[in-house]
Amino acid sequence: MTEAADETLPPARATRGHRKALLQSEQSKGFALISPTFAYALVLLVAPIIVVVAHSFWTQDYLTIDRTFTLENYRIALTEPIYRDLLMRSLVISLLVSFFTVILAYPIAFYISFHGGRHKGIWLFLITVPFWTSYLLRVMSWKVILGYNGVLNSGLMGLGIIDEPSTALLYNTTAVVITLTHAWAAFAVLPIFVSLEKIDRTLIEAAIDLGDGPVRRFLRVVLPLSLPGVIAALLIVMIPTVGDYVTPKLVGGKDGVMIANAIQAQFGKASNWPLGAALSVTTMAVVTTMAGGIVLLLRWSTRLMR
Amino acid sequence: MNRLLSRWLPVYAFLYIVFLYLPVIFLPIFSVNTSAVPQFPLSGLTTKWYKELPNTPALLDAAWNSLIVGVAAAILSTILGICAARAITRYRFRGRTAINGLIMAPLVLPEIIVAISLLIVLIQLGFSLSLFTVVLGHILICIPYSMTVLTSGFEGFDRSLEEASADLGESAFGTFRRVTLPMVAPAIISSLLVSFTISLDEFILAFFLAGTDATLPLYIWGQLRFAAKLPGVLALGTLLLVGSFLLVTIAEVIRRRAARRTQNEGGAIV
């Protein structure tokens, strides 16, 4: 970690051969230093995912895995109504959640970046703190809020707005969307904030000088330039939420069950690993395609706006 | 329009913060409420739910397990994070971006996918599920957070200070101990605290990889089935919330102080 002297020659003095040797030593030193972490990720992330993909083409007979190639699991995953419905619902939920988190996060990221002044750090800290607390506990508190005897119901009854507790709040898709939107808020604010911070403020001044009003300025300068942040936020929220397990289980009820609950069942009660693997691979493939499509659509539509 | 914005944006920002904090605040409120059902109006102040906590052996076991797993995951992920963050900030090498992307990938993958793939592989390799397998999983998802903290800490690192120390006759080890370490120590401590917090609160990987030993989130999950146990869970949850909050705040304060000292503001997780 401490050898620091060898590549600090001024570039003018370095001959070509010298530079090549230096580059090589940079290459090997850098690679050597990162290799333990890289190896860890290869062994415990890449290899397992390859194994999952392999399993999705196999079948299971009680406890033994039959390694003959088959597409049967994918047929089940894509055509069985129950899995198709769960997958569709998961996609819709993750789409809604990422849409709402980004829409809600944009103004706050904008506010912090453009009007935060000296307190930017404090604002960002305030926004990230709840995210550091246990995800399970945050879902649990939504259950407390939305439940039959929950905060919202007892509060509304106390105010005389409703006469009896509403059952419409908990155990449905809406509850899942609300909970997930809350849980992923910080993940959307940060990337949008970063991309807004990168915008050269003189560009906005130029737009003012050239006579653009606030709306046009925003649509033609700020929004297109912050698009990378918006896209990052969408992806960072959409892909993990599609596979969420805790929220649908705790607040989703029957109507809010998502694909992760079905995947879990294949590794628990149902004990059909290959089907669980195929469901996972299908989910990832579909959500990646959907995310890619949305990215293209967004790029295209902001180009039109300009 | 501009006026409208500058008037309403702060209001919106305030409401947004309320939306973020409100749900979390109900846990502590109902954890000191005498009624076993979390509803308004509150029925009275009590600390009985907290007093019951130390008398629950299963809970103490879970807390101990969480502590072991958290410490192990924090130390190992920080060591791996140090290697990677140092390599990324100090050297340019082929495949740097791709490797970095791979190491950060668990951050954007659905956790259940990471969990089941680890489960399949570990079982087939003949591991029996235990706290050890949980640690393996937690390291994987802690590394991206460690990396973020450490990279931002190492970026402000002025290499000429190390060179100056070497030129002034300090040995390699002396330079490391007296120059390098003090400069990177805040980032390392931050990374330890942050990864410990992540591990302490992590549920899905523990759920799939834990076997029979429960961590705190697993214990809470088990208790959620019983409505009568809810106040105890709320009390425990409150303690966890406070713990996580303190750890993260300390990590942030340490990181910020160091950043101010090396004149490198911003760029970390917050």
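> Explain the overall build of chain B here, please?
Regarding its fold elements, chain B presents 11 helices and 0 strands. Along the chain direction, N to C, the helices and strands of chain B fall in the order α-α-α-α-α-α-α-α-α-α-α. On the principal axes, the C-alpha backbone points of chain B span a range of 70 × 65 × 35 Å. In chain B, which comprises 270 residues, the proportion classed as buried is 49%.

> So what exactly am I meant to see when it comes to the overall build of chain A here?
Within chain A, the regular secondary structure consists of 13 helices and 2 strands. The principal-axis extents of the C-alpha atoms in chain A amount to approximately 80 × 60 × 40 Å. Expressed as a percentage of the 306 residues in chain A, the buried residues total 42%. The long-range fraction of contacts in chain A, counting pairs at least 24 apart against all pairs at least 6 apart in sequence, stands at 71%.

> Would you mind going over the confidence of the model for chain A with me for this structure?
Predicted coordinates in regions of low pLDDT should not be interpreted in detail. Looking at chain A as a whole, its pLDDT mean stands at 86, while 93% of the residues score no less than 70. Predicted confidence in chain A is weakest over strand β2 (residues 64-66) of chain A, with a mean pLDDT of 79, and strongest over helix α3 (residues 81-115) of chain A, with 93.

> Looking at this structure, how should I read the packing of helix α8 (residues 185-197) of chain A against helix α10 (residues 214-242) of chain A?
Helix packing for two helices is described by the angle between their axes and how far apart those axes are. Residue and element names in this part refer to chain A. Running from N to C, α8 and α10 cross one another at 165 degrees; their axes reach a closest spacing of 7 Å. It follows that α8 is roughly antiparallel to α10 by the angle criterion. With respect to the hand of their crossing, α8 and α10 are arranged in right-handed fashion. Here F187, A188, P191, I192, V194, S195 and L196 of α8 lie close against α10, whose contacting residues are S226, P228, G229, V230, A232, A233, I236 and V237. Taken together, the residues of the contact of α8 with α10 break down into 12 nonpolar, 3 polar and no charged.

> I would appreciate a short explanation of the environment of A74(B) in the present structure.
Within the secondary structure, A74(B) sits in helix α3 (residues 57-90). Remark: the alpha-carbon pair of A74(B) and S160(B), spanning 86 residues in sequence, is separated by 30 Å.

> It is not clear to me how unusual backbone geometry should be interpreted in this structure. Could you clarify?
The phi angle of most residues is negative, glycine excepted, and most peptide bonds adopt the trans form. Although it is not a glycine, Y171(A) sits at a positive phi angle of roughly 60 degrees. Mapping Y171(A) onto the fold places it in the loop between α6 (151-158) and α7 (173-183).

> For this particular structure, what's the right way to read the packing of α3(A) against α7(A)?
All names here are of chain A. Interhelical geometry of α3 versus α7 gives an angle of 45 degrees and a closest axis separation of 9 Å. Accordingly, the angle class assigned to the pair α3 and α7 is oblique. By crossing handedness, the relation of α3 to α7 is classed as right-handed. Contacts from I93, L96, V97, F100 and T101 of α3 reach α7 at T173, V176, V177, L180 and T181. Its residues assigned to classes, the contact of α3 with α7 shows 7 nonpolar, 3 polar and no charged.

> Just to check I follow, could you spell out the environment of V194(A) for this structure?
Residues and elements named next belong to chain A. As for its placement among the helices and strands, V194 is situated in helix α8. Residue classification places V194 among the partly exposed residues on the basis of 18 C-beta atoms within 10 Å. The spatial distance from the C-alpha of V194 to the C-alpha of S226 is 8.6 Å, given a sequence separation of 32 residues.

> Help me understand helix α5 (residues 135-146) of chain A in this model?
Because the α-helix completes a turn every 3.6 residues, residues three or four places apart line up on one side. Residue and element names in this part refer to chain A. Taking 1.5 Å of rise per residue, the 12 residues of α5 would be expected to cover 16 Å, and the 17 Å separating its terminal C-alpha atoms lies within 8% of that figure. Of all 12 residues in α5, 12 are buried; the element is thus mostly enclosed. The complete set of buried residues in α5 reads Y135, L136, L137, R138, V139, M140, S141, W142, K143, V144, I145 and L146.

> So what exactly am I meant to see when it comes to the environment of F93(B) here?
Here F93(B) shows up in the loop between α3 and α4 (96-104). Taking the C-alpha atoms as reference, F93(B) lies 40 Å from N65(B); in sequence the two are 28 residues apart.

> Looking at this model, I keep getting lost on the confidence of the model for chain B. Mind explaining?
When pLDDT is averaged across chain B, the result is 87; 95% of the residues are at 70 or more. Every residue in residues 264-270 of chain B is under pLDDT 50, and counting partners more than four places away or in other chains gives 19 contacts.

Rules used throughout
- Residues numbered from 1 in each chain as written.
- Chains lettered and ligands numbered in written order.
- Predicted model: local features only at pLDDT ≥ 70, side-chain atom pairs only at ≥ 80, totals over all residues.
- Helix = DSSP H or I, 4+ residues; strand = E, 2+ residues; numbered from the N terminus.
- Buried ≥ 20, exposed ≤ 12 C-beta atoms within 10 Å, placed from the backbone.
- Contact = placed C-beta atoms within 7 Å.
- pLDDT = per-residue confidence, 0-100.
- Axes fitted to C-alpha atoms, helices over the stretch in contact; angles between N-to-C directions.
- Parallel < 35°, antiparallel > 145°, perpendicular 65-115°, else oblique.
- Left-handed = near helix turned anticlockwise from the far one by under 90°.
- Nonpolar A, V, L, I, M, F, W, Y, C, P; charged D, E, K, R; others polar.
- Expected span 1.5 Å × (residues − 1).

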